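A look at the structure
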Amino acid sequence: MGSKYTKRYTEEFKRDAIALVDSSGKTVTAVARELGISSESLRGWYRRAKADRGEGESGELTSAEREELKRLRKEVREQQQTIEILKKAALEGVSRGVSLALS
């Protein structure tokens, strides 16, 4: 059974592990075993590094694209919340017989 705590690795460690996979000719699993880390973690780092270098699978997002997508999704959530607040305010105004002027 896995640990309930997630280990955090520095960016330098991740870069070195990825470089070791690239330079050693060993599999991701073999390098991960040597470093004492999860092969799934190293595989994810390696896949992202390849995508960032333009060597990823078709349709795979780069780190910059993933960050932009995350930012845009947050912006959409915030705008949806604002719209809901404005709808409620407009309905309350109408139910009180007050006309709201929207500009």
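Details of the structure are given in the entry above.
I will try to describe carefully the structure that is included in this document. Worth saying up front: this structure is predicted, and the values here are computed from it rather than measured.

With that settled, consider helix 1 (residues 11-24). The end-to-end C-alpha distance of helix 1, which contains 14 residues, comes to 20 Å, matching closely the 20 Å that a straight helix rising 1.5 Å per residue would cover. Of all the residues in helix 1, the buried ones are Ala 17, Ile 18 and Val 21. Each buried residue of helix 1 lies within a common arc of 95° when the element is viewed along its axis, so the set occupies one face. Counted as exposed and oriented over 90 degrees from the buried face of helix 1: Glu 12, Arg 15 and Ser 23. On the buried face of helix 1, the contacting elements are helix 2 (28-35) and helix 3 (39-52). At the exit of helix 1 stands Gly 25, carrying a positive phi of roughly 80°.

All right, on to the packing of aromatic side chains then. The final tally for this structure, using the stated rule, is three aromatic pairs. On the numbers, 5.1 Å between centres and 20° between planes, the contact of Tyr 9 with Phe 13 is stacked. Residue class for Tyr 9 comes out partly exposed when judged on its relative accessible area of 25%. Assessed through its relative accessible area of 28%, Phe 13 is described here as partly exposed. In this structure an aromatic cluster arises from ring pairing among Tyr 9, Phe 13 and Trp 45.

About the cut-offs
Residues numbered from 1 in each chain as written. Predicted model: local features only at pLDDT ≥ 70, side-chain atom pairs only at ≥ 80, totals over all residues. Heavy atoms only, no water. Helix = DSSP H or I, 4+ residues; strand = E, 2+ residues; numbered from the N terminus. Expected span 1.5 Å × (residues − 1). Buried < 20%, exposed > 50% of the residue type's maximum accessible area, 1.4 Å probe, protein only. Arc of directions from axis to C-beta. Contact = heavy atoms within 4.5 Å. Phe/Tyr/Trp six-rings, centres within 6.5 Å; stacked < 30°, edge-to-face > 60°.

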